[in-house]
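Fold and geometry: a report
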Amino acid sequence: MVIRDSFICNTLFLSYCFTVPSIGQAATLEKPTLSLHPPWTTIFKGERVTLRCDGHYPLLLELRPINTLWYLGHLLLPSHKKSIEVQTPGVYRCQTRGAPVSDPIHLSVSNDWLILQVPYTAVFEGEPLIMRCRGWYDKVVYKLHYYHDGQAVRYFHSSTNYTVLQARASDSGRYQCSGTMRIPVESAPMFSAKVAVTVQELFQTPVLRVLRPHEVRGSAPRGVALRCETRLHPQKRDTPLQFAFYKYSRPVRRFDWAPEYSVPEPEVEELEAYWCEAATSTRSVRKRSPWLQLPGQGSPLELASTSVSDPQGAALAPGNKPLSFRKPPVSRSVPLVTSVPNATSMGLQFPAGHSAPTAGPPACAPPTPTGQSAGALKPDVHLLLREMQLLKGLLSRVVLELKEPQALSELTGSPKTTTSHLAVSPGTPESTSVEA
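Bear in mind that the values here come from a model prediction, so they are computed numbers and not experimental data. Sequence positions are assigned chain by chain, starting from 1 and proceeding in written order. For a predicted model such as this one, the threshold for reporting local features is a pLDDT of at least 70, and the threshold for listing and counting side-chain atom pairs is 80 or more; totals across whole chains, interfaces and linings nevertheless cover every residue. Only hydrogens and water are set aside; all other atoms, that is, all heavy atoms of the structure, feed into the side-chain values.

**Notes on the packing of aromatic side chains**
Any two of the Phe, Tyr and Trp rings considered here, Trp counted by its six-membered ring, make a pair once their centres fall within 6.5 Å; the pair's planes then place it as stacked at under 30 degrees, edge-to-face at over 60, or tilted in between. Counted according to the given criterion, the structure contains 10 aromatic pairs. Look at Trp-136 and Tyr-137: their rings are 4.8 Å apart centre to centre, the planes differ by 75°, and that puts the pair in the edge-to-face class. Judged by centre distance (6.1 Å) and plane angle (35°), the rings of Tyr-147 and Phe-191 are tilted. Of this pair, Tyr-147 sits in strand β14 (residues 142-148) while Phe-191 sits in strand β18 (residues 190-191), placing them 44 residues apart in sequence. By way of ring pairs, the aromatic residues Phe-44, Trp-113, Trp-136 and Tyr-137 are connected into one cluster. For Arg-182, the ring lying beneath its charged end belongs to Tyr-142, and the centroid distance is 4.0 Å. The side chain of Lys-287 reaches across the aromatic face of Phe-203, ending 5.0 Å from its centre. In this description a helix means any DSSP run of H or I spanning at least four residues, a strand means any run of E spanning at least two, and both kinds are numbered starting from the N terminus. Only lysine NZ and arginine CZ atoms are considered, and such an atom sits over a ring when it is within 6 Å of the ring centre and within 35 degrees of the ring normal.

**Focus: the state of the cysteines**
Note on terminology: disulfide denotes any pair of cysteine sulfur atoms within 2.5 Å. With the rule as written, the count across this model stands at three disulfides. One disulfide in the model links Cys-53 with Cys-94; its S-S distance is 2.1 Å. The S-S bond linking Cys-53 to Cys-94 shows a torsion near 75°; that makes this disulfide right-handed. Of this pair, Cys-53 sits in strand β5 (residues 49-54) while Cys-94 sits in strand β9 (residues 90-96), and the two are 41 residues apart along the sequence. Here Cys-53 matches Cys-94 in class, with each residue buried. Cys-133 shares a disulfide with Cys-177; S-S distance 2.1 Å. Classification of the bridge connecting Cys-133 and Cys-177 rests on its S-S torsion, roughly 70°, and on that basis the disulfide is right-handed. With Cys-133 in strand β13 (residues 129-135) and Cys-177 in strand β17 (residues 173-180), this pair connects stretches of sequence that are 44 residues apart. Cysteine pairing in the chain follows 1-2, 3-4, 5-6, where each cysteine in a disulfide is numbered by its order in the sequence. Accessible area is worked out with a 1.4 Å probe on protein chains only. A residue is then buried under 20% of its type maximum, exposed over 50%, and partly exposed in between.

**As for the sheet that holds strand β3 (residues 33-37)**
Any two strands with at least two DSSP-identified bridges between them are counted as paired. Read across the open sheet, the three strands follow the order β3-β5-β8; overall the sheet is antiparallel. One side of each edge strand has no neighbouring strand; the edge strands of this open sheet are β3 and β8 (83-86). With direction set aside, neighbouring strand axes in the sheet form an average angle of 25°. Of the strand pairs in this sheet, β3 and β5 are connected by five bridges, and their pairing is antiparallel. Bridged to Leu-36 within β5 is Leu-51. Fitting a line to C-alpha atoms yields each axis, with helices limited to the stretch in contact; the angle taken between N-to-C directions then spans 0 to 180 degrees.

**What about the environment of Tyr-147?**
Given the relative accessible area of 16%, Tyr-147 is considered buried. On a C-alpha basis, the gap between Tyr-147 and Arg-174 in space is 8.2 Å, while along the polypeptide they are 27 residues apart. Not counting residues up to four positions away in its chain, the partners in contact with Tyr-147 are Ala-152, Val-153, Arg-174, Tyr-175, Gln-176, Cys-177, Ser-178 and Phe-191. In terms of polar contacts, Tyr-147 uses its side chain to reach the side chain of Ser-178, at 3.0 Å. In what follows, a contact means two residues having at least one pair of non-hydrogen atoms within 4.5 Å. We define a polar contact as two N or O atoms separated by no more than 3.5 Å, with the added condition that, inside protein, one atom must be a possible hydrogen donor and the other a possible acceptor, whereas residues neighbouring each other in sequence contribute only through side-chain atom pairs.

**What about the pairing of β5?**
By the alternation rule, side chains of β5 split into Val-49, Leu-51 and Cys-53, which are all buried, and Thr-50, Arg-52 and Asp-54, of which none is buried. The sheet contact formed by β5 and β8 spans four bridges and is antiparallel. In the sheet register, Leu-51 faces β8, and the bridge partner there is Ile-84.

**Things to note about the pattern of salt bridges**
We define a salt bridge as a side-chain nitrogen of Lys or Arg found within 4 Å of a carboxyl oxygen belonging to Asp or Glu. The final tally for this structure, using the stated rule, is 18 salt bridges. Here Lys-287 ties to Glu-201 by a salt bridge, and the two come within 3.1 Å at their closest N and O atoms. Of the two residues, Lys-287 sits in strand β27 (residues 286-288) while Glu-201 sits in the loop between β20 (199-200) and β21 (207-210), which places them 86 residues apart along the sequence. As a salt-bridge pair, Arg-209 and Glu-229 come within 2.7 Å of each other at their nearest N and O atoms. Placement of the pair is Arg-209 in strand β21 and Glu-229 in strand β22 (residues 224-229), with a sequence separation of 20 residues.

Structural data, given as structure tokens:
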């Protein structure tokens, strides 16, 4: 039930009236902003910092107006001022009248000689990340090292802040610092406690997609309309972004505020060559999208899907024309044994005085079964060379017998018919032998 604004008046000597906000009004108010001064989440024991609550404050006429509520954990603090000074560690929140509770601030108190101070607010991509290695009550720190996930990233001769000008997601991690102090003589190296730092994503990686006809603003363009889509972090939703579009590595439209681009009709067949890029106006953060993925069958644009069940089938683009895909290589085996016609599994016989047949083409090995990888059959190079040498010697003897039979008989030392046997075992190439 929505309670309307009501006015409550009490008359003692004067009338004091105040307005009670309705439930509907409270739902529309934004949470207040809680800030910390100085802006560090870790302090030394005994130090004090100031918390300030900025939010909506309605005009009230009360004897003792209560505008701000302060919380330490689940404990309600007695102060109702806009800012308070604290020195107790814990999680602080504030609330203004009619508004939700603010985001928390975690305050840490240390009794070490050295502390690493990091900002209390969230650090986003592209923003500077500043860290401060501080000695006990501002004593100068010498031989100062900063560490990121256990690796030294920066060295300074004396106390200096470590600054990352444009933070990236890779800068997230656990940081630590070390150094020496003169108390009164120079001490041994001392290390601070590790502090976790998270760099928030400013906006998500963009995605390029094809717009449907009812999503196109204004008159339908000639060609295909594309949109580069991304999403900003809720705390940075007012950050302006610019968009650029590319075909392969060539920009077809440089950075502009519009996230849409119309592909001309002659280039519609190469839609998968397009991608986009989103960036801030200062280019401190730039992210590129993946290649455009065409919608599936039955879409309003009737674009074919890029995934097909048959790896050898051609994918079709608009107009039923094949896209420029490269088919996967077909697995083929290398023949290990070369034979000639009339060869039997027992051997080759060429009677003396008869014409031997000419060598035929190399015999092909059985085709590789479908789905077998190309690397499943790897020939032994040395075995293949040995077989080729043996075959070369066999053919040279055949040629010599055809040309000069008498010379061959003298060479072998026997007038008998030379019989050559080449035993071929299809399954085991190692069993191949030649007998002369």
